[in-house]
Amino acid sequence: MSSLAALQSRMAEGLWRGGDEADLAAIAPGPIPAHAAWGVHRNTIVSGLTNALRLTYPTVDWLVGADFFDQTALAYIRSHPPMRAQLADYGERFPKFLCGYAPAGELTYLADVARFDLAVDEVAALSVGGSKVCVDLDAGVILQLEGALRVLRTRYQVDRLRDAREDDGQSLEDLDMSPRPYAYALWRGAAGTLARVLPAGAAAFLEAVLAGACAQDGLNALLRESGEPGLAELQSDLFLAPFARLQITQTQETAP
Amino acid sequence: MSTASARYASATAHAASARPIPARAGIGLRLPHHRAVRESGPSTDWFEVHPENYMAPARADELAAFAERYPMSLHAVGLSLGSAHGLDLEHLDRLADLERRIQPGLVSDHLSWSAARVGDSPLCLPDLLPLPYTEEALSVVVDNVDRAQTRLGRQLLIENPSTYLRFSQSALSEAAFLGALVSATGCGVLLDVNNIYVSAMNRGEDPAAALAEFLAEIPAQSIGELHLAGHAVRPLENGAELRIDDHGSRVCAEVWTLCERALARLGPRPVLIEWDTAIPAFPVLEDEAARAQGLLDRTAVNEARHV
C-alpha cells in the first residue's frame with residue numbers, strides 16, 4: 001500500500017470511529033490546533049450521516065425526538081460504516097439495528113415504524129408510471145399491478161403513526177398500540193408514495209404474485225391466510241384498489 | 001496548448017447538445033426550493049446541483065424537468081478524486097448516466113478525497129478530506145481525473161476545497177498543485193473564492209495573497225467557474241478563529257471583495273451562489289445572485305473600456 005493510501009486509511013478509520021486523531025504528526029502546526037481541525041471533519045461526517053438517516057426515517061425522528069435520534073444515529077454509524085458514495089443509500093439496516101438497540105427496548109413499535117419509513121422512501125425514489133406487473137387471472141382477464149407495488153407486514157399501525165406527524169400527535173390519543181398483524185400495500189403515486197391497509201388474505205395474494213407466482217398460487221396463499229371469507233377481499237381490496245387495473249383482452253372469433 | 005488540453009478541447013463536442021453555462025450569476029438548487037422554482041419559474045440564468053442527490057430514478061426525472069427549462073451544472077461531491085484507493089467506478093458510471101441524460105453545461109468535483117479502504121472494506125465518508133500536496137498525491141489525482149474525464153467524455157472542473165489542516169509532507173502549495181493538475185490532465189478549475197478566504201484565514205495567511213497565487217499558478221483560460229458562499233466563524237480557546245465552510249449564510253464582505261479582484265483579472269465567468277445549510281427562502285438566494293451579477297456587469301463594462 002502506498003504511503004498516501006496508508007495515510008488515508010488511517011485518517012478515514014480515525015474519523016469514522018471517532019477516536020483519537022490519527023497521524024497528528026503528519027499535520028503541520030498552524031493557528032488552528034490539529035484537534036479542532038480534526039473536529040470539523042468529524043462533525044461534518046457524523047452530521048452528514050445523521051441527516052441522511054433523519055431524511056429516510058422522519059417518523060422515527062419525530063417519535064423519539066431529536067436528541068434521542070442523534071444518539072441512536074451515532075450508535076448506528078459507529079457499527080455500520082458507510083460504504084457507498086451516495087448518502088441516500090445509507091441506513092438500510094437501521095430498522096434491524098433498532099430491534100436490538102437496548103435504549104429503545106421499550107419502544108417495541110419503533111423498528112416497524114422504521115421499516116415503513118424506509119419502504120415509503122424507497123418507493124418514492126422510483127419513477128412514476130413504471131412498468132406494470134401483469135397477472136393472468138383467467139382466459140382474457142389480466143390483473144395489472146403498479147410496478148413499484150410492494151407489501152409490508154407489521155405488528156403496529158405504522159401508517160397512522162406516520163400520519164400523526166401531520167396533526168402534531170393529536171391522533172395518537174385514540175390509537176390502538178397493542179401489537180397484532182397489519183399489512184400495507186405501498187406504491188408510487190404522482191406526488192410520492194401511497195399506502196393502503198390490506199387484509200391479510202389480500203396481502204398474501206399480492207406477496208405471492210409479486211414474487212412471480214401465478215394467480216392460482218396467489219389464491220392458494222390467500223385461502224391459507226384467510227380461508228374462504230378472504231375471497232371477498234379480492235374484489236374490494238385488490239381488483240378495485242387504486243394500484244390495480246383489470247384488463248379484459250378481446251378474443252377474435254373466426255367467421256365460419 | 002498541451003496534449004492533455006487538446007484532448008479535452010475536442011471532448012466538448014460530446015456535450016454539443018448541452019446548454020452552455022453563461023458567464024452570469026447562478027444559484028445552487030436545493031430540495032427545499034424545488035417547488036418554488038417549479039411553480040414560479042424564476043429568471044435565474046442557471047442552476048447547479050449535487051448529482052448525488054439526483055441519481056434515484058424519481059429524482060433524475062425531476063432534474064431532467066428542471067434541465068429542460070434552465071442551463072444546468074453538475075457539481076459532484078462523491079468522485080473522491082484524491083483517493084489513493086482508486087475511483088468508485090460504479091459511482092462514476094451513475095454520474096455518467098445522469099450526465100448523459102441531463103446534458104449539463106459544466107461538470108465539477110473537488111480536489112479532495114472521501115473514500116478509502118479499511119482492512120478489506122471500503123469506507124466512504126461524506127466529507128471533502130484534505131490531501132498532502134506531494135508528488136505522490138499529484139500522480140494519484142492526475143490518474144483519477146484522467147479516468148473520470150475519459151469515462152465522462154468531457155472536461156471536469158476541479159474545485160479548491162476549504163481546508164482546516166495542512167500536512168507537514170506537502171511540497172507544493174495548493175495553487176501550484178492545481179496548476180500542475182491542469183497542465184497534466186487538461187482539466188479546468190472551479191475557483192471557490194470563499195474557500196480561498198476560509199483556508200487562508202485558517203492558515204493565518206493573507207487571502208488576497210492566496211488569491212494572487214491561485215491566479216498566477218492557474219492559467220486563466222482554465223478557470224471555468226467561480227463559487228461564492230457563506231461561512232461560520234468560531235472562536236477557539238487559544239484565541240484563534242476557526243472559519244468553517246458551512247455554506248449557511250450570506251457571502252461576507254471580504255469574500256465579495258476577493259471575488260471582484262478575481263473577476264477583474266479573469267473577466268466574466270459563471271459565478272454560483274451556494275447555500276446548503278439553514279437554507280433561506282429562495283428570494284434571499286436571488287438577492288445574493290443579483291449582487292454577484294452586479295459584479296459581473298461591472299467587470300464586463302471595465303473589459304469593454306479597456307478593449
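Residues numbered from 1 in each chain as written. Chains lettered and ligands numbered in written order. Predicted model: local features only at pLDDT ≥ 70, side-chain atom pairs only at ≥ 80, totals over all residues. Heavy atoms only, no water.

Engineer: Explain empty space enclosed by the protein here, please?
Structural biologist: If a probe the size of a water molecule is rolled over the atoms, the empty space left behind becomes visible. Scanning the model with the defined rule gives one cavity of 30 Å³ or more in all. Quantified by volume, the largest cavity comes out at close to 120 Å³. As for the largest cavity, its lining consists of 16 residues, of which A28 and G30 of chain A together with Y164, L165 and R166 of chain B are closest to the centre. The class makeup of the residues in the lining of the largest cavity is ten nonpolar, four polar and two charged. (1 Å grid on protein atoms, 1.4 Å probe; cavity = no way out; pocket = protein on both sides within 12 Å on 5 of 7 lines; lining within 4 Å. Points joined across faces, edges and corners; volume = space filled by probe spheres on them. Nonpolar A, V, L, I, M, F, W, Y, C, P; charged D, E, K, R; others polar.)

Engineer: Sorry, what's going on with the sheet that holds strand β6 (residues 244–248) of chain A here?
Structural biologist: Within a sheet, neighbouring strands are paired by backbone hydrogen bonds and run either parallel or antiparallel to one another. Residues and elements named next belong to chain A. If you walk across this open sheet you meet the three strands as β1-β2-β6, and the pairing is antiparallel. Pairing within the sheet leaves two strands with one partner each, and these edge strands are β1 (133–138) and β6. Along the sheet, successive strands turn relative to each other by an average axial angle of 25°, direction set aside. Where β1 lies against strand β2 (residues 141–145), five bridges are found, and the strand directions are antiparallel. In the sheet register, D138 faces β2, and the bridge partner there is V141. (Pairing = 2+ DSSP bridges. Helix = DSSP H or I, 4+ residues; strand = E, 2+ residues; numbered from the N terminus. Axes fitted to C-alpha atoms, helices over the stretch in contact; angles between N-to-C directions.)

Engineer: Please clarify how the side chain of R30 of chain B should be interpreted in this entry.
Structural biologist: Residue and element names in this part refer to chain B. Tracing the backbone shows R30 in the loop between β1 (25–28) and α2 (34–40). For R30, a relative accessible area of 9% puts it in the buried group. Engagement of the side chain of R30 in a polar contact is seen with the side chain of H50, the distance being 3.3 Å. A polar contact is formed between the side chain of R30 and the side chain of D276, at a distance of 2.3 Å. Every residue in contact with R30, bar those within four places of it in the chain, is listed here: E48, V49, H50, W275, D276 and I279. (Buried < 20%, exposed > 50% of the residue type's maximum accessible area, 1.4 Å probe, protein only. Polar contact = N/O pair within 3.5 Å; in protein donor to acceptor, adjacent residues only side chain to side chain. Contact = heavy atoms within 4.5 Å.)

Engineer: Just checking my understanding: could you explain helix α4 (residues 66–79) of chain A for this structure?
Structural biologist: An α-helix turns once every 3.6 residues. As a result, residues three or four positions apart point the same way. Residue and element names in this part refer to chain A. In a regular helix each residue adds 1.5 Å, so 14 residues correspond to 20 Å; α4 covers 20 Å between its end C-alpha atoms and thus fits that length. For α4, the complete set of buried residues consists of F69, T72, A73, Y76 and I77. The buried residues of α4 occupy an angular sector of 140° when the element is viewed end-on, so they sit on one face. (Expected span 1.5 Å × (residues − 1). Arc of directions from axis to C-beta.)

Engineer: I would appreciate a short explanation of the packing of helix α8 (residues 200–210) of chain A against helix α9 (residues 215–226) of chain A in the present structure.
Structural biologist: In a pair of packed helices, the angle between the axes and the distance between the axes together describe the arrangement. Residue and element names in this part refer to chain A. It is at 7 Å that the axes of α8 and α9 come closest, and there the two elements cross at 150°. Comparing the axis directions of α8 and α9 gives the class roughly antiparallel. In this structure, α8 meets α9 at a crossing whose hand is right-handed. Along its contact with α8, which presents A200, G201, A202, A204, F205, A208 and V209, the element α9 presents A215, D217, G218, L219, A221, L222, E225 and S226. Within the contact of α8 with α9, the residues separate by chemical class into ten nonpolar, three polar and two charged. (Parallel < 35°, antiparallel > 145°, perpendicular 65-115°, else oblique. Left-handed = near helix turned anticlockwise from the far one by under 90°.)

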